[in-house]
Amino acid sequence: GGAEEGGGAEEQRFFYGDPSGAVQGPYGLATMTAWVEQGALPADTPVCVFGSEGFSALREVEPLASALPAAAGDTASTEAASADAAPAGGDGTEGAAESVGVAAAEEERPAEAPSSERQSKKRSRAVAEAAPAPAPSPAQAASEAAEPEAAASEAEQEASAAEDREAAQKRLKALKVAELRSECERRGLVATGVKAALIARILEAL
């Protein structure tokens, strides 16, 4: 009978009740079948075909029941729990209507794998976030250490330049105006003006 229903089965969509009692779906047949084959949805999972009323155990719903792993017959002991997981509603009509409303709201959301797969994704993300930051490379550490030294050497150069300037200023002050003028002429500078102006010009040219 399964082959004869194949054409219509592709259109089928399903809701299912998760362990917390929440209704998930609707999901297409291919998605639901894959989860059943992986063992993510056990045989006692409450399932409702889109557009129908009430939930039934997955093992009673074709074509999903055909996809159950061979060991699915051992789940009879959990049937009581599946009854608790089914939505509230005396004859299932209210639960199915509510499910359709949920479906409309979640229509655009991509299918999520059941909780076990989500938890493994969370774990791998947590491991990635906990990874330590990489240590700086030797070259980077060396360049950081060299920066203070470079700053110190610049300061020393400035200090020695200032000392040289002071020494030159003292030497020039000791000269006579005529000697300063000849020094200016030798350097190609203007040789007129008072002694202070001549000294200033020579210092700028040093």
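This text goes with the structure placed above it.
As the structure is a prediction and not an experimental result, all values here were calculated from the model.

Calculation criteria
Residues numbered from 1 in each chain as written. Predicted model: local features only at pLDDT ≥ 70, side-chain atom pairs only at ≥ 80, totals over all residues. Heavy atoms only, no water. Helix = DSSP H or I, 4+ residues; strand = E, 2+ residues; numbered from the N terminus. Buried < 20%, exposed > 50% of the residue type's maximum accessible area, 1.4 Å probe, protein only. Contact = heavy atoms within 4.5 Å. Areas by Shrake-Rupley, 256 points an atom, 1.4 Å probe, with all protein chains shown as cover. Arc of directions from axis to C-beta. Core = buried A, V, L, I, M, F, W, Y, C linked by side-chain atoms within 4.5 Å. Phe/Tyr/Trp six-rings, centres within 6.5 Å; stacked < 30°, edge-to-face > 60°.

Draft legend 1. Structural view of the overall build of the protein chain. Of the regular secondary structure elements, the protein chain holds eight helices and four strands. Reading the helices (α) and strands (β) of the protein chain from amino to carboxyl end gives α-β-β-α-β-β-α-α-α-α-α-α. Counting all 206 residues of the protein chain, 26% fall into the buried class. Sequence-distant contacts, at least 24 apart, represent 49% of the contacts inside the protein chain between residues at least 6 apart. Surface summary for the protein chain: the accessible area is close to 13400 Å², and the carbon and sulfur share equals 53%.

Draft legend 2. Local environment of helix α7 (residues 177–186). Buried within α7 we find Leu 180, Glu 183 and Cys 184. For α7, the arc enclosing every buried residue in end-on projection is 100°, short of the 170-degree limit, so these residues lie on one face. Facing away from the buried surface of α7 by more than 90 degrees, the exposed residues are Ala 178, Glu 185 and Arg 186. Just beyond α7, the residue with positive phi is Gly 188, at close to 75°.

Draft legend 3. Representation of the nonpolar core within the structure. Core analysis: the biggest nonpolar cluster contains 15 residues, and Phe 14, Tyr 16, Met 32, Leu 41, Val 47, Leu 58 and Leu 64 have the highest contact counts within it. Elements with a minimum of two residues in this core: β1 (13–17) and α2 (29–38). Sort the elements by how many residues they give to this core and α2 lands first, with four residues. Setting aside chain neighbours within four positions, we find Leu 64 in contact with Phe 14, Leu 29, Met 32, Thr 33, Val 36, Val 47 and Leu 58. If you look at the next biggest cluster of nonpolar residues, it comprises nine residues, including Leu 172, Leu 180, Cys 184 and Ala 191.

Draft legend 4. Structural view of the packing of aromatic side chains. Counted under the stated rule, the structure contains four aromatic pairs. Taken together, a centroid distance of 6.2 Å and an interplanar angle of 35° make the contact between Tyr 16 and Tyr 27 tilted. A residue pair is termed long-range when its members are at least 10 positions apart, and Tyr 16 in strand β1 and Tyr 27 in strand β2 (residues 23–28) qualify at 11 residues. Each member of the pair, Tyr 16 as well as Tyr 27, is classed as buried. Taken together, a centroid distance of 6.3 Å and an interplanar angle of 80° make the contact between Tyr 16 and Trp 35 edge-to-face. One end of the pair, Tyr 16, is in strand β1; the other, Trp 35, is in helix α2, and 19 residues separate them in sequence. We classify Trp 35 as buried; its relative accessible area is 6%.

Draft legend 5. Summary view of the side chain of Thr 33. Here Thr 33 lies in helix α2. A relative accessible area of 17% means that Thr 33 is categorised as buried. Ignoring sequence-local partners within four residues, the contact set of Thr 33 consists of Leu 64 and Ala 67.

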